[in-house]
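# Structural features, examined
For reference, the chains in residue letters:
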Amino acid sequence: MEGRFRVIGSLCLLLLQLLNASSPSSAASPSKYSLRNGLALTPPMGWNSWNHFGCNINEDLIKQTADAMVSTGLSSLGYQYINIDDCWGESTRDSQGNLVAKASTFPSGIKALADYVHAKGLKLGIYSDAGTQTCSKRQPGSLGHEDQDAKTFASWGVDYLKYDNCEDTHGLSPKERYPIMSEALLKSGRSILFSLCEWGVEDPATWASSVGNSWRTTGDIADNWDSMTSRADQNDKWASYAGPGGWNDPDMLEVGNGGMTTKEYKAHFSVWALVKAPLLIGCDIRAMDNTTYGILSNKEVISVNQDKLGVQGKKVKSNNDLEVWAVPLSNHKVAVILWNRSSSKATVTASWSDIGLNAKTVVDARDLWTHSTLSSVSGKISAELESHACEMYVLTPHSKTSS
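In short, a report on the structure. The numbering scheme is per chain: residues are counted from 1 as the chain's sequence reads. pLDDT decides what is reported in this predicted model: residues at 70 or higher carry local features, side-chain atom pairs at 80 or more are listed and counted, and totals for whole chains, interfaces and linings draw on all residues regardless. Note: side-chain values were computed over all heavy atoms of the structure, leaving out hydrogens and water.

Before going further, it helps to examine the overall build of the chain. By the criteria applied, helices consist of DSSP H or I runs no shorter than four residues and strands consist of E runs no shorter than two, each listed in order from the N terminus. When you go through the chain residue by residue, the secondary structure sums to 10 helices and 16 strands. In terms of overall dimensions, the chain is globule-like: its C-alpha atoms have a radius of gyration of 21 Å, near the 22 Å expected for 403 residues. Projected onto the principal axes, the alpha-carbon positions of the chain cover approximately 70 × 45 × 40 Å. Each residue gets one of three labels from its accessible area relative to the maximum for its type: buried under 20%, exposed over 50%, partly exposed in between, using a 1.4 Å probe on protein chains only. Residue burial in the chain is summarised as follows: out of 403 residues, 57% are buried. Put simply, 72% of the contacts in the chain that link residues at least 6 apart link residues at least 24 apart. Areas reported as accessible are Shrake-Rupley estimates using a 1.4 Å probe. Residue values count occlusion only from the protein chains shown. Accessible surface, the chain: about 15500 Å² in total, of which carbon and sulfur atoms supply 48%. This count recognises Lys and Arg as positive and Asp and Glu as negative, with His and chain-terminal groups excluded. Just so you know, the charge point we use is NZ for Lys, CZ for Arg, CG for Asp and CD for Glu. Taking the average place of the 37 positive charges on the side chains of the chain and the average place of its 43 negative ones, the gap between the two points comes to 7 Å. Throughout, radius of gyration means the C-alpha value; the globule benchmark is 2.2 Å times the number of residues raised to the power 0.38. Residues are treated as being in contact if the distance between any of their heavy atoms lies within 4.5 Å.

This is the structure:
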């Protein structure tokens, strides 16, 4: 019994360190997750069309992507949402004011597409905007039509709504516009995950937990190292506000789109998993190579993201671009990333004091990328890393030394 209390004490210490380190000076206590839809108890996983295809989308692409999600086995790993981004609709509403799928690219309509995706055991997501037009300016936004559009999405069988922040012609803040759609979705008669995409403009981490299931904390990501790392840093300070039902979102994954190296993509996926970001694939999964598939299908990294404890990991140590990120997991485990963001090879070390473990604790360290285990590690863990590379471990304390 005494050992159990020591384990709990170590976990609590790590929790306090992760929640307090680098928090905004004005941060209040985390909001209670009061959105009443019961969704996203772990971060959502799936695919989104925007990063790779932009407006070049059609119903055949969406069907083929759903097919590939199943045939590759990604769906069995938790990737379940097939999300259509901007440019799916006609440029005007119909005579009754309803949104309409673009006849030239989605001739069967969104309901038929949702039925197809559902038949694969997957879920369909769609996109709209909290202004009068979407960001592409090719289709209407939902401002002033929230109830009507929510009912339309529900009638089509939509499971996920990404809600952007362009073309606010009424001069209302996101805090005023986003709750209207949130309430409309709750009244629509269907459970629809609500993803706020207001780019962190009004610090949504501080207010969006009662409005949506995820909220962007950054501007759009681009497929390069500087963009990816800056999104990670911008997202980090809001860690204490995330939890089951509501997640900080540093934007979608770029893994496989070609703008970064394999080392950089592994770091991208590792950090997004540790910080409990939504894992939304942004490449063409119909044509991904084995390297991309190996990153996106790493079960052990995914399991960190989907851990039921639901705590967002944080950067706990940084010295000349040599960083340690860590997060407590269920069953008293701790996930750690050693990350070399410098321009040359270097050794990165996490001491137990950096990650909230007692100096005497002995752990088994599971390397999530080599799928090997280092037994009986004490005091610290180190790795010599190439520039921009990382290692990711799950540390399992020996019960008798977790004091």
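We now examine the sheet that holds strand β8 (residues 279–281). Paired strands are those between which DSSP finds at least two bridges. Taking strand neighbours across the sheet as the criterion, the eight strands line up as β7-β6-β5-β4-β3-β2-β1-β8 in an open arrangement whose pairing is parallel. The open sheet terminates on both sides in strands that have one partner only, identified here as β7 (247–249) and β8. On average, each strand axis in the sheet is tilted by 25° relative to the strand beside it, whichever way the strands run. Here strand β5 (residues 193–196) runs beside strand β6 (residues 214–216); their pairing, made up of two bridges, is parallel. By the bridge assignment for β6, L196 is matched with W215. Inter-axis angles, ranging from 0 to 180 degrees, are taken between N-to-C directions of lines fitted to C-alpha atoms, where helices are fitted over the stretch in contact.

This paragraph deals with helix α5 (residues 146–156). Taken together, the buried positions of α5 are occupied by E146, D149, A150, T152, F153, A154 and W156. Those residues of α5 that are buried are in contact with α4 (110–119), β3 (123–129), β4 (160–164) and α6 (174–186).

As a further point, take the packing of aromatic side chains. In summary, the pairing rule links any two rings of Phe, Tyr or Trp, Trp by its six-membered ring, whose centres are within 6.5 Å, and it sorts them by plane angle into stacked for under 30 degrees, edge-to-face for over 60 and tilted for everything else. In this structure the tally under the stated criterion is 10 aromatic pairs. Taken together, the aromatic side chains of W88, F153 and W156 make up a single cluster linked through ring pairs. Over the aromatic face of Y116 sits the side chain of K63, whose NZ or CZ is 5.3 Å from the ring centroid. Our definition puts a charge over a ring when NZ of Lys or CZ of Arg is within 6 Å of the ring centre and also within 35 degrees of the ring normal.

The next subject is empty space enclosed by the protein. Buried and open spaces are told apart on a 1 Å grid over the protein atoms alone, a cavity being a set of points where a 1.4 Å probe fits but cannot get out and a pocket being an open set with protein on both sides within 12 Å along at least five of seven lines. Residues with an atom within 4 Å of a point are the lining residues. Grid points are joined across faces, edges and corners, and a volume is the space filled by probe spheres set on the points. A full pass over the atoms with the stated rule returns two cavities of 30 Å³ or more. Approximately 60 Å³ is the volume attributed to the largest cavity. N48, Y160, K162, S195, L196, C197, R216, D249, D251, M252 and L280 together form the lining of the largest cavity. Elements that contribute at least two residues to the lining of the largest cavity include exactly β4 and β5. For the lining of the largest cavity, the per-class residue count stands at five nonpolar, two polar and four charged. In this classification, Asp, Glu, Lys and Arg are treated as charged, Ala, Val, Leu, Ile, Met, Phe, Trp, Tyr, Cys and Pro as nonpolar, and every other residue, Gly included, as polar.

What follows concerns the environment of T105. Examined against the element boundaries, T105 turns out to sit in the loop between β2 (81–83) and α4. A sequence separation of 44 residues divides T105 from L61, and the C-alpha atoms of the two residues are 9.8 Å apart. Setting aside its immediate chain neighbours within four residues, T105 contacts I57, N58 and E59.

A word on the sheet that holds strand β13 (residues 362–367). Think of a sheet as strands paired side by side through backbone hydrogen bonds, with each pair either parallel or antiparallel. Taking strand neighbours across the sheet as the criterion, the six strands line up as β9-β10-β11-β16-β13-β14 in an open arrangement whose pairing is antiparallel. A strand with exactly one partner marks an edge of an open sheet, and here the two such strands are β9 (314–319) and β14 (372–378). The mean inter-strand angle of the sheet, taken between neighbouring strand axes irrespective of direction, is 25°. The strands touched by helix α8 (residues 262–274) within the sheet are β9, β10 (322–328), β11 (334–340) and β16 (390–397), with β11 carrying the most contacts at an inclination of about 145°.

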